Amino acid sequence: MRKQILVLLLAGFSLGAAAQSPSPAAKGVTYGAGTTAAGAISVNELDKKMTDNHYSGKVTGKVREVCQEKGCWMKLEKENGETLMVKFKDYGFFMPKDIVGKDVVLEGEAIVKEVSVKQQKHYAEDAGKSKEEIEKIKKPKKETQFIASGVLVQ
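(A) Up close: the state of the cysteines. Scanning the entire structure with this criterion turns up zero disulfides. C67 forms no disulfide, and the closest cysteine sulfur to it belongs to C72, at a distance of 3.6 Å.

This is the structure we're talking about:
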């Protein structure tokens, strides 16, 4: 029984280490289930393509920000200065910290969600924002989030 527990623990640590060390963000590298660029829409078109606060398909854009703790989320920039929050399906894969500035294709689903003050502050901490910036967060906000099953670096 002890050997079985030890094997399970070691397997868990191995999987965790693999998820925390994604390969560098080079052109053609895929993460998660991967994807292709075929049929992708621009991040700037996403709001128009959503029906009933939902979109399923591919989106392309430039990465503006990535979680500096684990790479567990990233944000794509939009023409209007806003960003699209991207998370990864079932927390199954992470992005490398050198992905900022790269063009990517996401495959998955977009939904509109209300983000609590607590969650917004958590994201701000992950992004390395100053204490002053974090303290300015005072109310929940609605935002479009994309849950990616796969990512391709272009």
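(B) Expanded view of the side chain of Q120. Tracing the backbone shows Q120 in helix α3 (residues 117-126). Polar side-chain contacts of Q120 include one of 3.1 Å to the backbone oxygen of V115. When near neighbours in sequence (up to four residues on either side) are disregarded, Q120 contacts V115, I137, K139, P140 and K141.

(C) The arrangement of unusual backbone geometry in detail. One non-glycine residue, N53, lies in positive phi territory at about 60 degrees. Structurally, the position occupied by N53 is in the loop between α2 (46-49) and β3 (54-66). The phi angle at D90 is positive, at roughly 55 degrees, despite the residue not being glycine. Along the chain, D90 falls in the loop between β5 (83-88) and β6 (103-115).

(D) Representation of the pairing of strand β4 (residues 73-77). Burial runs high along β4: four of the five residues are buried. Bridge count between β3 and β4: three bridges; the pairing is antiparallel. Its bridge partner lying in β4, V63 is registered against L76. Here β3 folds back onto β4 in antiparallel fashion, the turn holding six residues, of which G71 has a positive phi close to 80 degrees.

The rules behind each value
Residues numbered from 1 in each chain as written. Predicted model: local features only at pLDDT ≥ 70, side-chain atom pairs only at ≥ 80, totals over all residues. Heavy atoms only, no water. Disulfide = S-S within 2.5 Å. Helix = DSSP H or I, 4+ residues; strand = E, 2+ residues; numbered from the N terminus. Polar contact = N/O pair within 3.5 Å; in protein donor to acceptor, adjacent residues only side chain to side chain. Contact = heavy atoms within 4.5 Å. Buried < 20%, exposed > 50% of the residue type's maximum accessible area, 1.4 Å probe, protein only. Pairing = 2+ DSSP bridges.

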